[in-house]
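Structural characterization, general
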There are 4 protein chains.
Amino acid sequence: MSSTFGSIFKISTWGESHGVGVGVVIDGCPARVRLSEEDIQAQLNRRRPGQSDIVTPRNEEDRVEILSGVVDGQSTGTPIALSVRNKDHRSSAYDEMQHTYRPSHADYCYDAKYGIRAWAGGGRASARETIGRVAAGAVAKAVVQALYPELEVLAWVQQVHGIVCPVEPQNVQAATVEGNIVRTADAETAERMAAAIREARTRGDSLGGIVACTVRNCPVGLGDPVFDKLEATLAHAMMSIPACKGFEVGSGFSAPEYTGMQHNDPYYMEGERVRTRTNNSGGIQGGISNGEDINMRLAFKPTATLMVEQDTVTDAHQEAKLKGKGRHDPCVLPRAVPVVEAMAWIVLADHILKQRTTQID
Amino acid sequence: MSSTFGSIFKISTWGESHGVGVGVVIDGCPARVRLSEEDIQAQLNRRRPGQSDIVTPRNEEDRVEILSGVVDGQSTGTPIALSVRNKDHRSSAYDEMQHTYRPSHADYCYDAKYGIRAWAGGGRASARETIGRVAAGAVAKAVVQALYPELEVLAWVQQVHGIVCPVEPQNVQAATVEGNIVRTADAETAERMAAAIREARTRGDSLGGIVACTVRNCPVGLGDPVFDKLEATLAHAMMSIPACKGFEVGSGFSAPEYTGMQHNDPYYMEGERVRTRTNNSGGIQGGISNGEDINMRLAFKPTATLMVEQDTVTDAHQEAKLKGKGRHDPCVLPRAVPVVEAMAWIVLADHILKQRTTQID
Amino acid sequence: MSSTFGSIFKISTWGESHGVGVGVVIDGCPARVRLSEEDIQAQLNRRRPGQSDIVTPRNEEDRVEILSGVVDGQSTGTPIALSVRNKDHRSSAYDEMQHTYRPSHADYCYDAKYGIRAWAGGGRASARETIGRVAAGAVAKAVVQALYPELEVLAWVQQVHGIVCPVEPQNVQAATVEGNIVRTADAETAERMAAAIREARTRGDSLGGIVACTVRNCPVGLGDPVFDKLEATLAHAMMSIPACKGFEVGSGFSAPEYTGMQHNDPYYMEGERVRTRTNNSGGIQGGISNGEDINMRLAFKPTATLMVEQDTVTDAHQEAKLKGKGRHDPCVLPRAVPVVEAMAWIVLADHILKQRTTQID
Amino acid sequence: MSSTFGSIFKISTWGESHGVGVGVVIDGCPARVRLSEEDIQAQLNRRRPGQSDIVTPRNEEDRVEILSGVVDGQSTGTPIALSVRNKDHRSSAYDEMQHTYRPSHADYCYDAKYGIRAWAGGGRASARETIGRVAAGAVAKAVVQALYPELEVLAWVQQVHGIVCPVEPQNVQAATVEGNIVRTADAETAERMAAAIREARTRGDSLGGIVACTVRNCPVGLGDPVFDKLEATLAHAMMSIPACKGFEVGSGFSAPEYTGMQHNDPYYMEGERVRTRTNNSGGIQGGISNGEDINMRLAFKPTATLMVEQDTVTDAHQEAKLKGKGRHDPCVLPRAVPVVEAMAWIVLADHILKQRTTQID
């Protein structure tokens with residue numbers, strides 16, 4: 001059940017780094033949503049390797065094929081299968097890893113769990129798994145925007161190592177984010193972040209950071225009380241992204257700094273619309289969207305693959321040394337941005353469809 | 001679907017603050033687990049109101065009744081229904097709230113979502129809903145410890161407003177935590193936290209903080225790749241607790257401070273056992289437990305109910321003033337500790353049962 | 001997971017024959033559906049023991065209590081918990097059955113599956129489990145009729161042993177069915193069926209039969225292609241009723257008697273409405289309702305509890321003799337009628353809610 | 001959610017008759033099960049068109065490709081994606097059907113449900129959808145037989161129109177069934193059935209019948225009480241097969257002919273094993289397997305596509321005439337046999353894995 005997500009808009013991803021390919025089946029997409037391979041490809045292009053000098057040079061065009069569920073540019077309501085064939089996989093670069101566990105990677109845990117693993121390139125634990133998410137996210141976006149054309153999901157790199165982008169969430173522009181290779185919210189910070197990433201790579205080291213994500217023009221009423229609160233399903237979605245170590249919404253981990261008087265968001269009327277003067281709630285109250293911007297932040301650890309020698313053990317439980325080979329991202333954040341957006345779209349699509357079953361009217 | 005959680009060990013909670021009662025049905029508990037009302041009651045007693053002078057004085061004994069699924073002190077494998085009747089509910093204290101939304105509460109969002117709400121005492125959004133979680137958590141604990149007697153889940157209040165408990169996770173003792181009314185990890189910090197909570201209450205204000213939780217002696221191999229990673233399901237569980245604004249595991253939001261060389265956890269052998277020298281991974285790699293302590297932290301906002309006048313709006317969309325009445329916790333953290341532990345037990349029970357379906361052997 | 005059913009309108013039943021009680025939690029009922037204990041009680045009264053001389057004399061009033069999810073006579077959208085306390089259980093009548101398996105009952109299989117069972121009165125395998133279904137069915141009916149007031153579900157006893165009720169499905173009247181103790185579709189057949197049941201009881205024997213069920217004025221478009229076809233989910237629901245051995249829809253097991261030319265249902269226009277001239281499809285084509293009556297039939301075996309001595313074995317695997325004690329139905333069909341209707345309402349409510357997520361419009 | 005089935009061994013099928021292809025993703029297959037494309041292909045070959053003169057001559061080799069989840073001939077525990085490309089699709093044969101509904105097909109209902117359909121060749125409602133089932137069934141069989149090597153699932157054509165195969169279920173041999181093109185249980189009956197099918201085809205007509213299926217050497221204890229009874233999940237699985245109109249287990253629709261004394265299956269000891277002297281229960285009691293053969297029967301209607309002119313309506317709601325074109329099976333039963341077996345394997349694999357979570361021991 002590990003690779004299925006969602007309750008109505010349900011996705012099942014499949015595929016390994018060095019296998020035939022990767023893909024996703026979407027079961028529960030409503031009928032007559034406009035969809036094209038171009039829309040999906042555009043998102044995959046934002047995630048693909050080799051797009052700049054600060055990401056992995058693995059050369060994959062990641063060309064998506066729609067296998068089912070779409071006719072004449074519209075969804076049919078039946079499952080949408082999407083696949084991407086792997087091209088540039090060089091398993092030989094991984095030979096050593098067949099028996100020697102990479103520190104802070106999934107190798108040891110997969111072996112312990114399953115007694116077997118597709119070891120080449122990380123197999124199922126490879127970041128290539130996120131291709132299915134991004135492809136499904138493009139479909140989810142089409143569903144959401146068919147119903148709420150104004151709804152916008154926007155993620156950006158807010159921090160790389162110690163470098164913080166100072167732009168406030170409400171001022172971040174999509175065009176700016178896509179206009180720099182780091183996908184941060186202003187060009188000057190992007191330069192400094194890119195330099196830091198290049199410097200880390202030179203040392204064989206890697207960097208982590210923070211991705212922020214905001215949802216604008218979200219309708220009121222999304223999210224279910226108790227276990228499927230909007231923030232809980234978003235946390236589930238985001239914490240399932242490889243390398244993500246933390247999730248917060250609204251005031252998040254700074255909430256304790258406030259007292260209740262400082263933290264509560266007073267309501268007021270803006271014309272016919274109920275608004276809050278502050279947004280420490282992050283757009284969600286009682287697990288349900290209140291119409292304000294949904295502001296989230298995700299912490300990513302530095303890439304575990306390093307071009308330096310590290311202490312580790314083998315699958316025969318002998319201590320050993322291992323030095324990373326192959327082609328890797330010295331910092332995953334620029335390519336994580338479309339993955340974070342995809343997961344947000346998927347969660348929103350699911351809640352929007354569920355909301356249609358909530359009232360008799 | 002909002003009130004059901006889990007894939008094999010599945011719980012469905014029900015009930016409102018001022019209705020007949022609250023409870024839970026557990027479907028998927030294995031047979032022949034030793035269970036008694038006393039074990040469940042012991043956990044509910046840790047959560048119940050009125051247990052000290054820093055929590056709400058609402059007088060509820062929260063007496064649990066096992067309605068089904070247990071004979072002769074053992075589970076039968078069929079659904080376990082647990083219920084607690086409400087006793088001391090004074091709806092009159094809430095009359096004003098029938099039409100006036102409490103800031104940073106769920107009132108407005110429930111109305112927007114459903115067009116109706118059980119307004120008295122917060123209805124379904126009341127913290128009384130967590131009774132079902134704690135009761136189910138006691139059953140989950142029995143399941144887990146029947147299989148892994150050494151496995152321990154321990155939560156404690158690590159921070160209240162600006163006061164931080166300095167004890168390291170691996171040194172926290174359950175007896176110390178239960179030995180003070182704040183449920184923090186040392187007695188001296190407890191005094192200062194309690195004083196701060198009393199001071200806030202005097203002003204009609206409230207405080208938030210951090211609850212930490214550690215899982216010790218967890219078997220290797222729990223958690224599913226991709227969407228049901230152990231940290232993702234834990235995040236889902238924890239972020240569904242009322243007032244929780246953030247979740248992190250291992251290095252969490254401090255991960256960006258490290259470079260990859262600093263962050264990776266080198267493997268070594270400790271006798272027959274694979275260990276890591278550091279634990280920035282927080283006991284989880286690739287979404288799967290590696291046998292090290294699972295360290296989590298949850299941020300809680302200050303209680304939204306305040307005994308001061310606040311700006312708000314009514315359900316007729318008129319601006320209004322509202323001052324909290326009724327009996328409330330000036331700080332939810334001491335009573336959140338057993339809820340956090342319960343959610344961890346529930347997630348672990350589910351993953352432990354799932355793990356039994358993972359290999360043919 | 002055994003006791004949970006449905007994907008959006010989701011029910012979880014609990015309880016044993018001789019335990020505290022039985023009940024159900026409904027998660028996913030839309031908000032603002034009119035509901036009262038009286039509506040639910042009316043259905044339970046049709047199912048309760050002691051209602052005539054041809055059913056078990058166990059004296060249970062089966063009084064339902066709404067524990068949550070309803071305020072001011074309307075659903076709130078949050079879980080609806082319903083419970084019925086057991087009253088007249090005489091476990092002593094079952095002492096012998098603690099160790100001796102009743103033939104064609106669940107005793108042996110429960111022991112083999114779980115290693116334990118609530119043996120008194122059949123425990124979870126007792127027909128009292130169907131109380132939760134009937135209560136949930138009453139709620140499902142309210143949901144369906146809030147949206148489709150003309151939609152009608154009508155079940156009746158079409159056959160008892162060799163006695164067949166000749167009334168065609170389209171001519172069956174609810175008032176006639178409720179007007180006789182057998183719940184068959186005409187009064188004269190009812191007399192003969194009742195006499196046969198009394199005669200079987202006198203001999204300590206029991207009878208089976210056929211329950212037919214028709215759904216009138218069903219909207220077009222319910223049911224999902226592939227696995228959740230309307231007939232597949234109905235079959236799942238109906239075959240889960242104790243003692244049900246077969247399910248058919250439309251032409252059913254007589255389909256092979258037709259050739260394709262005879263079996264196909266030609267379309268024609270009746271005003272604006274697409275109709276079929278015959279209804280061998282039973283109102284479902286490609287798994288989806290076509291607006292014609294949905295006609296189903298269910299085969300029920302004769303009650304397994306007999307007042308004669310039978311060969312069996314003990315839980316120590318010794319051969320033994322057993323003679324039924326306690327109070328039992330010599331024919332379950334009259335009381336199965338409301339259970340069949342309940343399961344149909346539950347399936348329809350679920351599909352109707354799902355259908356709201358199927359199109360963007 | 002329509003195309004996903006199973007709770008632990010979960011399959012999602014996708015694909016349309018005249019699209020790129022069809023396939024399935026299996027999520028929840030345990031690790032280290034021996035699997036090869038050959039094993040899967042062998043089952044697909046039993047289902048493929050063109051295998052004899054009594055089935056459709058559409059020329060599809062239905063070559064399966066394993067896209068993920070298998071390394072070195074073993075499952076890895078991660079999703080197994082299987083796909084088959086469509087080859088010989090001639091959409092032109094279906095031009096007329098774009099706007100004219102085929103009687104007793106899914107065309108009208110799909111349009112009513114979704115407002116759109118992949119009309120060519122029946123799209124998602126085509127029998128080609130069952131390729132995903134058969135492929136997944138081959139994987140399920142490998143899972144089941146890895147744990148229970150003696151467990152056997154065997155289906156055969158028991159009846160075509162009025163011709164009944166007289167061989168008793170316990171005497172049916174797999175080799176005999178595979179040894180004739182009808183897949184019935186003796187050669188002489190096969191001749192007569194084949195002749196009847198050819199005769200019907202000559203007239204442009206079609207025939208239905210009965211497929212029987214038996215499960216031998218099933219372990220005791222499979223199936224869950226209440227809603228997921230073994231017979232209920234089997235009914236769900238089987239009634240989801242296109243053209244299936246009825247399902248029965250054990251005595252089935254002949255149960256009413258018996259009295260309780262005649263129908264009950266007395267227990268006795270056969271060495272250490274609990275057996276029943278008769279098997280009217282069909283190997284299932286209380287929803288749980290008792291170790292006796294599980295005997296099922298499925299009714300199939302005659303193929304809806306006829307080579308004669310029929311009355312129908314268009315999607316503009318005009319009355320019209322339509323005559324079948326394209327290549328079709330005059331009787332689906334020979335090719336339904338591997339589909340029925342596949343669904344049985346899938347249900348059994350799911351219950352066998354679930355059973356591992358049922359007891360603590």
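The present account deals with the structure reproduced in this document. (Residues numbered from 1 in each chain as written. Chains lettered and ligands numbered in written order. Predicted model: local features only at pLDDT ≥ 70, side-chain atom pairs only at ≥ 80, totals over all residues. Heavy atoms only, no water.)

**Some thoughts on the interface of chain D and chain C**
Applied cut-off: Only heavy atoms enter the contact rule, under which two residues are in contact if any of them lie within 4.5 Å. Summed over both partners, buried area is the accessible surface (1.4 Å probe) that two parts give up on being assembled. Salt bridges are identified by distance alone: a Lys or Arg side-chain nitrogen within 4 Å of an Asp or Glu carboxyl oxygen. In protein, a polar contact means a hydrogen-donor-capable atom and an acceptor-capable atom, both N or O and within 3.5 Å, with residues adjacent in sequence counting only if both atoms are side-chain atoms; elsewhere, any N or O pair within 3.5 Å suffices. We call Asp, Glu, Lys and Arg charged. Ala, Val, Leu, Ile, Met, Phe, Trp, Tyr, Cys and Pro are nonpolar, and the rest, Gly among them, are polar. Whether two strands pair depends on DSSP finding at least two bridges between them. Helix numbering and strand numbering both begin at the N terminus, where a helix is a DSSP run of H or I of at least 4 residues and a strand a DSSP run of E of at least 2.
The interface is formed by 105 residues belonging to chain D together with 105 residues belonging to chain C. When the two sides are added together, the surface that chain D and chain C hide from each other amounts to roughly 8400 Å², 64% of it contributed by carbon and sulfur. Close ionic contact of D224(D) with K113(C) constitutes a salt bridge, the shortest N to O distance being 3.4 Å. Taken together, the connections running from chain D to chain C amount to 44 residue pairs in polar contact (both at pLDDT 80 or more). Residues of the side of chain D that touches chain C, tallied by class, amount to 45 nonpolar, 39 polar and 21 charged. For strand 11 (residues 244-249) of chain C and strand 11 (residues 244-249) of chain D, the ladder comprises three bridges, and the chain directions are antiparallel. Across the sheet, G246(C) pairs through a bridge with E248(D), a residue of strand 11 of chain D.

**Notes on the relation of the copies chain D and chain C**
Here is the rule: Least squares is the method for superposing the copies, and the C-alpha atoms it fits come from residues with pLDDT of at least 70 in both.
Rotating chain D by 180 degrees about the axis while translating it 0.0 Å along that axis superimposes it on chain C, leaving an RMSD of 0.0 Å. Such a combination of rotation and displacement between the chain copies is what one expects of a two-fold axis. If distances are taken from each C-alpha of chain D to the rotation axis, the shortest is found for H236(D), at 2.4 Å. A share of 100% of the interface residues of chain D reappears at the interface of chain C, consistent with the copies meeting face to face through the same patch.

**Some details on the nonpolar core**
Inclusion rule: Here, nonpolar core means buried Ala, Val, Leu, Ile, Met, Phe, Trp, Tyr and Cys residues that are tied together by side-chain atoms lying within 4.5 Å of each other. Remark: exposure states derive from per-residue accessible area (1.4 Å probe, protein chains only) relative to the maximum for the residue type, with buried under 20%, exposed over 50%, and partly exposed in between.
By size, the foremost hydrophobic cluster in this structure holds 365 residues, and its most contacted members are F9(A), F9(B), F9(C) and F9(D). In this structure, F9(C) is in contact with I26(C), D27(C), G28(C), C29(C), A136(C), V139(C), A140(C), V143(C), I346(C), A349(C), D350(C) and L353(C), ignoring residues within four places of it in sequence. Y101(A), A106(A), Y110(A) and Y267(B) belong to the second-largest nonpolar core, a separate cluster that totals 15 residues.

**Considering the relation of the copies chain C and chain B**
In the superposition of chain C on chain B (RMSD 0.0 Å, axial shift 0.0 Å), the rotation amounts to 180 degrees. Both copies present the same face, since 100% of the interface residues in chain C are matched by interface residues at the equivalent positions in chain B.

**Focus: the packing of helix 1 (residues 37-47) of chain B against helix 8 (residues 333-355) of chain B**
A pair of packed helices can be characterised by two numbers: the angle between their axes and the separation between those axes. Residues and elements named next belong to chain B. Test applied: Helix axes are fitted to C-alpha atoms over the stretch in contact, other axes to C-alpha atoms as well, and angles between N-to-C directions run from 0 to 180 degrees.
Contact geometry for helix 1 and helix 8: axes closest at 7 Å, N-to-C directions at 140 degrees. For the pair helix 1 and helix 8, the contacting residues are Q43, R46 and R47 in the first and R335, V337, P338, V339 and E341 in the second. The residue makeup of the contact of helix 1 with helix 8, split by class, is three nonpolar, one polar and four charged.

**Considerations on the sheet that holds strand 10 (residues 209-216) of chain A**
Judged by pairing direction, the sheet is antiparallel, and its ten strands sit side by side in the order 9(A)-8(A)-10(A)-16(A)-11(A)-11(B)-16(B)-10(B)-8(B)-9(B) without closing on themselves. The open sheet terminates on both sides in strands that have one partner only, identified here as strand 9 (163-164) of chain A together with strand 9 (163-164) of chain B. As defined by bridge partners, strand 10 of chain A adjoins strand 16 (residues 294-300) of chain A across seven bridges and the pair is classed as antiparallel. Across the sheet, the residue bridging to V211(A) is L298(A), located in strand 16 of chain A. Of the strands in this sheet, strand 11 (244-249) and strand 16 of chain A together with strand 11 (244-249) of chain B are in contact with helix 6 (residues 230-239) of chain A, which crosses strand 11 of chain A at around 160 degrees. Across the face of the sheet, helix 6 (residues 230-239) of chain B comes into contact with strand 11 of chain A together with strand 11 and strand 16 (294-300) of chain B while running at roughly 160 degrees to strand 11 of chain B.

**With respect to the packing of helix 3 (residues 130-147) of chain A against helix 8 (residues 333-355) of chain A**
Residues and elements named next belong to chain A. For the record, the criterion: Throughout, the term roughly parallel applies to angles under 35 degrees, roughly antiparallel to angles over 145, roughly perpendicular to angles from 65 to 115, and oblique to all others. For any pair of crossing helices, the crossing counts as left-handed if the nearer helix is rotated counterclockwise from the farther one by less than a right angle, and right-handed if it is rotated clockwise.
At a closest axis distance of 7 Å, the pairing of helix 3 and helix 8 adopts a crossing angle of 45 degrees. With respect to their mutual orientation, helix 3 and helix 8 come out oblique. Seen from above, helix 3 lies across helix 8 with left-handed handedness. Of helix 8, the residues touching helix 3 (which contributes T130, R133, V134, A136, G137, A140, K141, V143, V144, Q145 and L147) are P338, V339, A342, M343, W345, I346, L348, A349 and I352.

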